[in-house]
Amino acid sequence: MINENKPVIGLSCGDINGIGLELIIKTVGDARLLEICTPVIFASNKVLNFYRKALSDINFNFSTIKDSSRVNHKQVNLFSCWEEEVAVTPGLLNETGGKYAVISLVTAAQALKEGKIDGLVTAPIHKKNTNSEAFNFTGHTPYLKNLFEVPDVVMLMVAENMRVALVTEHVPVKDIAQFITKEAILSKLHLLNNSLKKDFGIDKPKIAVLGLNPHAGDEGLVGKEEEEIIKPAIKEAKLKDIFCFGPYPADAFFARGQYEKFDAVLAMYHDQGLIPFKSLANGEGVNYTAGLNGIRTSPDHGVAFDIAGKSKADEASFREAVFKCIDIITARKEYASQHKNPLKKISAAFVANARDEKIIEE
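What you see is a predicted model, and the numbers here were worked out from it, not measured in a lab.

Participant: In this structure, what is going on with the pattern of salt bridges? I would like to understand it.
Facilitator: Close approach of charged atoms allows side chains with opposite charge to pair. Counting across every chain of the model gives 14 salt bridges. Here Glu114 and Lys116 are joined by a salt bridge, their closest N and O atoms 3.2 Å apart. Classification of Glu114 as partly exposed rests on a relative accessible area of 45%. By relative accessible area, which is 29% here, Lys116 ends up partly exposed. Asp175 is the partner of Lys174 in a salt bridge, and the nearest nitrogen-oxygen pair spans 3.3 Å. Through salt bridges with shared partners, a single ionic network connects Lys182, Glu236 and Lys240.

Put into structure tokens, the structure is as follows:
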């Protein structure tokens, strides 16, 4: 049975030729982490020890378990996902790295779905060597959406000073516009609004919505999507008590610091949201999959083959992903507790019906 006062956090190893296991060892090698959670690494003894030997200055010990629901709360745990010998070749993109990244992810995600772990932090994978007939997904997010059988999820980037969500994720630029629909925007706004309440403890979130085209379409002169799709979606979302504004021109919105006035920003596509996020976010960014029954976070970077196996990887973003996973577990429990109390429900309803603060759209 999971210790409610100390969440069990699963850690998938990512590409075994990338920086994932180095990040994990550096993060869980800090004994203070055991005071706030129980880590479970999903990999193998031999692969974990390969990277452990290269990081001999870190005092890192673990116990091996065969059942992910029976963890040792006094130590880091390793759930062995495979027993065979595997050739580790740091920095090399090959079939082996992808194969075992998928085995680790699938095993860890199943443990999350079954409630054997409280949260999951995923180390980076490479889409080139993980995508196959057996694993036909472009990344973690679509895989987890399929596993948890939810109609939609939203990729949400989180930092101390900003949160940025995406309507589309890993889509070629030439195809983006066809995925920008009123239904898609409404779905993402609904998920984002709920997540801000349940996962981040914000009673009445304020959400900014970006335009798709330069200058947010210039009243239809530089594209019709704002007038025909995005504005109607925002209008309908407001009727559903989602406190959202826009569409804003993306360049001016970030350059003028308007994101600081909102609890989250909904961007239309990957680079529109992630370039300013990675440029402006204070502290280390975290990728959170909102809309799942389970809780999954990851660092905001990739496999970094160029520095793999060289003990140069910075674990700050991975460590922050672990902290954020724990924070969201706590926030969800608090939200559930508040909504069990009928007096608190009345209080929440009072806040929801209060007169909105006027926000001037620039």
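Participant: What's the story with helix 2 (residues 45–54) in this structure? I'm lost.
Facilitator: An α-helical turn contains 3.6 residues, so a residue and the one three or four places further along point in the same direction. Those residues of helix 2 lying buried are Val47, Leu48 and Tyr51. Buried residues of helix 2, viewed axially, fall in a sector of 100°; they line one side. Considering only its buried residues, helix 2 is in contact with helix 1 (20–28), strand 2 (38–43), strand 3 (62–65) and strand 4 (76–80).

Participant: I would appreciate a short explanation of the packing of helix 3 (residues 95–113) against helix 5 (residues 140–147) in the present structure.
Facilitator: Packed helix pairs are characterised by how far apart their axes lie and by the angle those axes make with each other. Contact geometry for helix 3 and helix 5: axes closest at 11 Å, N-to-C directions at 45°. Taken as axis vectors, helix 3 and helix 5 run oblique relative to one another. Remark: the crossing between helix 3 and helix 5 carries right-handed chirality. Residue-level contacts link Leu105, Val106, Ala109, Gln110 and Lys113 of helix 3 to His140, Tyr143, Leu144 and Leu147 of helix 5.

Reading the values: the criteria
- Residues numbered from 1 in each chain as written.
- Predicted model: local features only at pLDDT ≥ 70, side-chain atom pairs only at ≥ 80, totals over all residues.
- Heavy atoms only, no water.
- Salt bridge = Lys/Arg side-chain N within 4 Å of Asp/Glu carboxyl O.
- Buried < 20%, exposed > 50% of the residue type's maximum accessible area, 1.4 Å probe, protein only.
- Helix = DSSP H or I, 4+ residues; strand = E, 2+ residues; numbered from the N terminus.
- Arc of directions from axis to C-beta.
- Contact = heavy atoms within 4.5 Å.
- Axes fitted to C-alpha atoms, helices over the stretch in contact; angles between N-to-C directions.
- Parallel < 35°, antiparallel > 145°, perpendicular 65-115°, else oblique.
- Left-handed = near helix turned anticlockwise from the far one by under 90°.

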